[in-house]
Amino acid sequence: MIQVQDFLQRVLSYYRSSFDITSPYTLGGQTYGALAALHAHEDQYVRLVGTTLWNADSHEYTLFDTFAAAPTAADVEQRFRVAAEEIEALFVRGGEKLPPKDHQYTWLTVVLLSQQAPDEAAKQAVERCRQTRYYQFYLRGYSEVRMVLVDLEHQTLTTNRAGRSLKKLYKLALKKAAEAEK
């Protein structure tokens, strides 16, 4: 069976090409497996006049947490609160009321890697996690929390609605890890 720390390193290797990774990462006195951060800036300008038409800043923060035993629904809800409250306030708004002027969107992703199969309550807690915040009627963009629970025992995934786009990446990582184990 795939070990949770080995799988974390495998997933981080996918992220390394585009993301800045801090491993381990400590936030609010709690230590997590890693934090991956991606920042993108786009702009459009008129070359002759030198006037900027628009700017757009996009960000993604992925917080990884590992569990030797299966996470409970309370563990899932606590990690969701960390992303929805602490990480959102710290990284999206920088402690201010609103994000910076050119903020377009920020994805706050929480990836829970479990060595043992989580119970149905934990899976349902992941599916229930939802938060999309629009800032100043979308003029300052939005942030969205995405959750992914990876069960290494049965090699299955559970995501919330916003996290569905990540299924392909984590299914590939599970497949490659299983092949490497053989």
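Structure first, text after, so check above.
Below you will find a few notes about this structure. Because the structure is a prediction, the values reported are computed rather than measured. (Residues numbered from 1 in each chain as written. Predicted model: local features only at pLDDT ≥ 70, side-chain atom pairs only at ≥ 80, totals over all residues. Heavy atoms only, no water.)

## Things to note about the pattern of salt bridges
The condition is simple: Any Lys or Arg side-chain nitrogen found within 4 Å of a carboxyl oxygen on Asp or Glu counts as a salt bridge. Counting from the N terminus, the helices are DSSP H or I runs at least four residues long and the strands are E runs at least two residues long. Burial status follows relative accessibility: with a 1.4 Å probe on protein chains alone, a residue under 20% of its type maximum counts as buried, one over 50% as exposed, and anything between as partly exposed.
Scanning the entire structure with this criterion turns up 7 salt bridges. Residue glutamate 77 pairs with arginine 128 through a salt bridge whose shortest N-O separation is 3.5 Å. Pair noted here: glutamate 77 is in helix 2 (residues 73–92) and arginine 128 is in helix 3 (residues 120–128), with a separation of 51 residues, a long-range link. A salt bridge links aspartate 102 to lysine 101; the shortest N-O distance between them is 3.5 Å. A residue is classified by how much of its surface remains accessible, and aspartate 102, at 22% relative accessible area, is partly exposed. By relative accessible area, lysine 101 is classed as exposed at 60%. What emerges from the salt-bridge pattern is a single network uniting Asp65, Asp75 and Arg79.

## Remarks on the pairing of strand 8 (residues 142–151)
Heads up, the condition is: The pairing criterion is simple: DSSP has to find at least two bridges between the two strands.
Of all 10 residues in strand 8, 9 are buried; the element is thus mostly enclosed. As paired strands, strand 6 (residues 103–114) and strand 8 are joined by 10 bridges and run parallel to one another. What sits directly across from valine 110, in strand 8, is methionine 147. Pairing between strand 7 (residues 132–134) and strand 8: 3 bridges, direction antiparallel. Along strand 8, the bridge assignment pairs tyrosine 134 with tyrosine 142. Hairpin connection of strand 8 to strand 9 (residues 156–159): 4 residues between the antiparallel strands, including glutamine 155 at a positive phi of 55 degrees.

## A look at the packing of helix 1 (residues 4–15) against helix 4 (residues 167–181)
Applicable threshold: Axes, fitted as lines to C-alpha atoms, cover a helix only where it is in contact. Angles between the N-to-C directions of the axes lie from 0 to 180 degrees. If an angle is under 35 degrees, it is roughly parallel; if it is over 145, roughly antiparallel; if it lies from 65 to 115, roughly perpendicular; otherwise it is oblique. Should the near helix be turned anticlockwise from the far one by less than a right angle, the crossing is left-handed, and should it be turned clockwise, the crossing is right-handed. Whether two residues touch is decided by their heavy atoms; if any such pair falls within 4.5 Å, the residues are in contact. Classification used: nonpolar for Ala, Val, Leu, Ile, Met, Phe, Trp, Tyr, Cys and Pro, charged for Asp, Glu, Lys and Arg, polar for all others including Gly.
The contact between helix 1 and helix 4 brings their axes to 10 Å, and the two run at 125 degrees. Viewed along their axes, helix 1 and helix 4 adopt a mutual orientation that is oblique. For the crossing formed where helix 1 meets helix 4, the hand is right-handed. Contacts between helix 1 and helix 4 involve Phe7, Arg10, Val11, Tyr14 and Tyr15 on the former and, on the latter, Leu169, Tyr170, Leu172, Ala173, Leu174, Lys176, Ala177 and Ala180. Looking at side-chain class alone, the contact of helix 1 with helix 4 contains 11 nonpolar, no polar and 2 charged residues.

## Structural notes on the nonpolar core
Going by this rule: Nine residue types can take part in a nonpolar core, namely buried Ala, Val, Leu, Ile, Met, Phe, Trp, Tyr and Cys, and a core is a set of them joined through side-chain atoms within 4.5 Å.
Within the largest apolar cluster, 27 residues are counted, with the highest numbers of intra-cluster contacts made by Leu63, Val76, Leu112, Val145 and Met147. Elements with a minimum of two residues in this core: strand 2 (25–27), strand 4 (34–46), strand 5 (51–67), helix 2, strand 6, helix 3 and strand 8. Considering each element in turn, this core owes the most residues, 8 residues, to helix 2. Apart from residues lying up to four places away in sequence, valine 145 is in contact with Phe80, Ala83, Ala84, Leu108, Gln131, Asn160 and Ala162. Counting residues in each nonpolar core, the second largest holds 22 residues, with Ile2, Val4, Leu166 and Ala177 among its members.

## Some points on unusual backbone geometry
The omega angle of the peptide bond from serine 23 to proline 24 is -10 degrees, so this bond is cis rather than trans. Topologically, proline 24 is positioned in the loop between strand 1 (20–22) and strand 2. Residue tyrosine 138 is not a glycine yet carries a positive backbone phi of 75 degrees. Topologically, tyrosine 138 is positioned in the loop between strand 7 and strand 8. Classification of tyrosine 138 by relative accessible area gives partly exposed; the value is 45%. One non-glycine residue, glutamine 155, lies in positive phi territory at about 55 degrees. By the secondary structure assignment, glutamine 155 is in the loop between strand 8 and strand 9.

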